Amino acid sequence: MLDHPTHQRLRDLKLDGMADAFAELQQQPDAATLSHAEWLGLLIDREATNRSNKRYQTRMRAAKLRHVGAAIEDVDYRTPRQLDRDLFRQLAQGDWIAKGQNLIITGPCGVGKTWLACALGQKACRDGRTVLYRRLPRLFAELELAHGDGSFPRLFRKLVRANLLILDDWGPDRLTGPQRRDLMEIVEDRYGNGAILLTSQLPVDAWHDVIGEPTFADAILDRIVHNAHRLPLDGASMRKQST
């Protein structure tokens, strides 16, 4: 354990990155050859990295991604599921998120829609963006409860303020009246201001029937689909191949 007043002072000031770097430099025999400016630069670099990592971890905890370990670097392009490599890599850069556009990932069960969505969410967190993941069936239950206990305004703010809102597992059950209204409010407030990533087993052409009421369906889909990138997948379940 390093016992040095400067090290302890850095800890007291909550400059943990600088404190760790200071302790490591003290143990290195060639540290004495470094100038004061070089020492200071190394300490500042470590502190900046430490703070960046903490902010990333905070964003990841808030995102509540279903697949926390999903990362774009680990995407499987070999399995035949019609994943467009160039398009996915372009999407991973996040320009569509910055522009408040949407992304729709469709395909049969087991082709990795949720995993890919979480990989894009993780990359967005790494890029300094706020992300929120929700499975739509559970979100609707959460919204219903929030209406009853008075927490709806707080939940609604979370849903519309995130840079990227991931809505997983759209359909096939038809929406109820309250669900249509809540979804309309969410997509309306996010339109042009925040990106939405939707995954679904259903093709987009079938979404109108899922929403149910034609007026709501037209309004909701207009705000989701017209500026959306599409990533259609197809193929056998990857879960079966892994067993």
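A brief look at the structure comes next. (Residues numbered from 1 in each chain as written. Predicted model: local features only at pLDDT ≥ 70, side-chain atom pairs only at ≥ 80, totals over all residues. Heavy atoms only, no water.)

1. Observations concerning the overall build of the protein
Inference 1: If you tally the helices and strands in the protein, you get 12 helices and 5 strands.
Inference 2: Principal-axis analysis of the C-alpha atoms gives the protein an extent of 75 × 50 × 35 Å.
Inference 3: For the protein, the proportion of its 243 residues judged to be buried stands at 44%.
Inference 4: Put simply, of all contacts in the protein between residues at least 6 apart along the chain, 78% involve residues at least 24 apart.
Inference 5: Within the structure as shown, the protein displays about 13500 Å² of accessible surface, and the carbon and sulfur contribution to it stands at 50%.
Inference 6: Of the charged side chains in the protein, 35 are positive and 32 negative; the average position of the first set lies 2 Å away from that of the second. (Helix = DSSP H or I, 4+ residues; strand = E, 2+ residues; numbered from the N terminus. Buried < 20%, exposed > 50% of the residue type's maximum accessible area, 1.4 Å probe, protein only. Contact = heavy atoms within 4.5 Å. Areas by Shrake-Rupley, 256 points an atom, 1.4 Å probe, with all protein chains shown as cover. Lys, Arg positive; Asp, Glu negative; His and termini not counted. Charge placed at Lys NZ, Arg CZ, Asp CG, Glu CD.)

2. As for the nonpolar core
Inference 1: Ranked by size, the top nonpolar core spans 34 residues in total, and within it W170 and W207 carry the most contacts.
Inference 2: Secondary-structure elements contributing two or more residues to this core are helix 7 (136-149), helix 8 (152-161), strand 3 (164-170), helix 9 (177-190), strand 4 (195-200), helix 10 (207-211) and helix 11 (214-225).
Inference 3: Once you skip the residues sitting within four places of it in the chain, W207 turns out to touch I104, T106, W170, L198, S200, L202, L221 and I224. (Core = buried A, V, L, I, M, F, W, Y, C linked by side-chain atoms within 4.5 Å.)

3. Notes on helix 11
Inference 1: With 12 residues, helix 11 extends 15 Å between its outermost C-alpha atoms, agreeing within 8% with the 16 Å of an ideal straight helix rising 1.5 Å per residue.
Inference 2: Listing the buried residues of helix 11 in full gives A217, I220, L221, I224 and V225. One side of helix 11 holds all its buried residues, which, seen down the axis, span an arc of 105°.
Inference 3: Packed against the buried residues of helix 11 are strand 1 (102-106), helix 9, strand 4, helix 10 and strand 5 (228-232).
Inference 4: Capping the start of helix 11 is the job of one residue whose side-chain oxygen sits 2.9 Å from the backbone nitrogen of T215: E213. (Expected span 1.5 Å × (residues − 1). Arc of directions from axis to C-beta. Polar contact = N/O pair within 3.5 Å; in protein donor to acceptor, adjacent residues only side chain to side chain.)

4. Topic: the sheet that holds strand 1
Inference 1: Spatially, 2-3-4-1-5 is the arrangement adopted by the 5 strands of the open sheet, whose pairing is parallel. One side of each edge strand has no neighbouring strand; the edge strands of this open sheet are strand 2 (131-135) and strand 5. Strand-to-strand twist across the sheet, computed as the mean angle between neighbouring axes with direction ignored, equals 15°.
Inference 2: Looking at chain direction, strand 1 and strand 5 are connected through 5 bridges and run parallel. For N102, the partnering residue across the bridge sits in strand 5 and is A228.
Inference 3: Where helix 11 meets the sheet, it contacts strand 1, strand 4 and strand 5, and its direction lies at approximately 100° from that of strand 1. (Pairing = 2+ DSSP bridges. Axes fitted to C-alpha atoms, helices over the stretch in contact; angles between N-to-C directions.)

5. So, the packing of helix 2 (residues 16-27) against helix 3 (residues 36-63)
Inference 1: Two elements in contact, helix 2 and helix 3, have axes whose closest approach is 7 Å; the angle formed by their N-to-C orientations is 135°. With respect to helix 3, the axis of helix 2 lies oblique. Read as a crossing pair, helix 2 and helix 3 show a hand that is right-handed. Within the contact between the two elements, helix 2 uses D16, G17, M18, D20, A21, F22, E24, L25 and Q26 and helix 3 uses W39, L42, L43, I44, R46, E47, N50 and K54.
Inference 2: Here the residues of the contact of helix 2 with helix 3 sort into 8 nonpolar, 3 polar and 6 charged. (Parallel < 35°, antiparallel > 145°, perpendicular 65-115°, else oblique. Left-handed = near helix turned anticlockwise from the far one by under 90°. Nonpolar A, V, L, I, M, F, W, Y, C, P; charged D, E, K, R; others polar.)

6. Structural notes on the pattern of salt bridges
Inference 1: Overall, the coordinates contain 12 salt bridges when judged by the stated rule.
Inference 2: Among the ionic pairs, D76 bridges to R78, the shortest N-O distance being 3.8 Å.
Inference 3: Classification of D76 as partly exposed rests on a relative accessible area of 22%.
Inference 4: Residue class for R78 comes out exposed when judged on its relative accessible area of 77%.
Inference 5: Among the ionic pairs, D127 bridges to K123, the shortest N-O distance being 2.8 Å. (Salt bridge = Lys/Arg side-chain N within 4 Å of Asp/Glu carboxyl O.)

7. Here's the deal with the pairing of strand 3
It is a general feature of regular strands that their side chains alternate between the two faces of the sheet.
Inference 1: Burial within strand 3 is extensive, with 6 of its 7 residues counted as buried.
Inference 2: Here strand 2 pairs with strand 3 via 5 bridges, running parallel. Residue pairing in the sheet places V131 in a bridge with L164 of strand 3.
Inference 3: Where strand 3 meets strand 4, 5 bridges bridge the pair, whose relative direction is parallel. Bridge pairing in strand 4 places L164 opposite A195.

So, to be careful, I would describe these as geometric facts and stop short of saying anything about function.
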